[in-house]
Amino acid sequence: MRTSHQPALHDPALLLAEIPSHWPMAKGSLAEVRKPCIRPNCRACASGRKHPAFLFSLTEKGRRRCLYVPRDLVAALRQAIANGRWMEEQMRRTGVGLIEEHRRNRTKSSRAPEGSAS
Ligand SMILES: [Zn+2]
């Protein structure tokens, strides 16, 4: 019996069944940065502490793009990125699984007709 960490090579329903609990998915990264504000005489900026902000970085058509993330969306976006990494892991395993399975089948069939290859 297959477990959830093995690729659902022959039964995508196994993977599809897990998708709702991993939704939404996002690809990119989240970073906390410190930015100055526009208020005059701001103590936080004058002291160099500035203000914490979250940036979401992603690649779009080969170009890097950054978006500010509203504070109340940070936790949900972080979870979406984790979900996206989970999906990428499933795809990575499926690719490796396809190659390994092909190798196993090739080894089996090449043993059968002994000496038939020229
Ligand atoms: Zn400030």
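Residues numbered from 1 in each chain as written. Predicted model: local features only at pLDDT ≥ 70, side-chain atom pairs only at ≥ 80, totals over all residues.

**Q** It is not clear to me how the sheet that holds strand β2 (residues 51–60) should be interpreted in this structure. Could you clarify?
**A** What holds strands together in a sheet is hydrogen bonding between their backbones, with the strands either parallel or antiparallel. Across the sheet, which stays open at both edges, the three strands sit in the order β1-β2-β3 with antiparallel pairing between neighbours. Of all strands in the sheet, those with a lone pairing partner are β1 (29–35) and β3 (63–69), marking the two edges. Geometrically, the sheet is characterised by an average inter-axis angle of 35° between neighbouring strands, direction not taken into account. (Pairing = 2+ DSSP bridges. Helix = DSSP H or I, 4+ residues; strand = E, 2+ residues; numbered from the N terminus. Axes fitted to C-alpha atoms, helices over the stretch in contact; angles between N-to-C directions.)

**Q** Honestly, the pairing of β3 in this entry has me stumped. Any pointers?
**A** Successive side chains on a regular strand alternate, one facing one side of the sheet and the next facing the other. For β3, the buried fraction is low: zero of the seven residues fall into the buried class. Both β2 and β3 contribute to a ladder of seven bridges, which runs antiparallel. Bridging from a neighbouring strand, S57 pairs with C66 of β3. Hairpin connection from β2 to β3: two residues lie between these consecutive antiparallel strands, with K61 at a positive phi of about 50°. (Buried ≥ 20, exposed ≤ 12 C-beta atoms within 10 Å, placed from the backbone.)

**Q** I tried to follow the environment of E18 on my own but got confused; where do I start?
**A** The residue E18 is located in the loop between α1 (12–16) and β1 in this model. A count of 15 C-beta atoms within 10 Å places E18 in the partly exposed class. Considering only alpha carbons, one finds E18 and M87, 69 residues apart in sequence, at a separation of 9.9 Å.

**Q** When you look at the environment of G48 in this model, what are you seeing that I'm missing?
**A** For G48, the location among the structural elements is in the loop between α2 (43–46) and β2. Residues G48 and K35, spaced 13 residues apart in sequence, show a C-alpha to C-alpha distance of 9.5 Å.

**Q** I keep staring at the environment of L77 and nothing clicks. Help me out?
**A** Of note, L77 is situated in helix α3 (residues 74–111). In this structure, L77 is in contact with A26, L30, F56 and V69, ignoring residues within four places of it in sequence. (Contact = placed C-beta atoms within 7 Å.)

**Q** Looking at this structure, I do not really get unusual backbone geometry. What am I missing?
**A** For the bond from W23 to P24, the omega torsion is 0°, close enough to zero to count as cis. Take P24: it is sitting in the loop between α1 and β1. Non-glycine residue K50 carries a positive phi angle of around 55°. Mapped onto the fold, K50 is located in the loop between α2 and β2. Unusually for a residue other than glycine, K61 sits at a positive phi of about 50°. The topology assignment puts K61 in the loop between β2 and β3.

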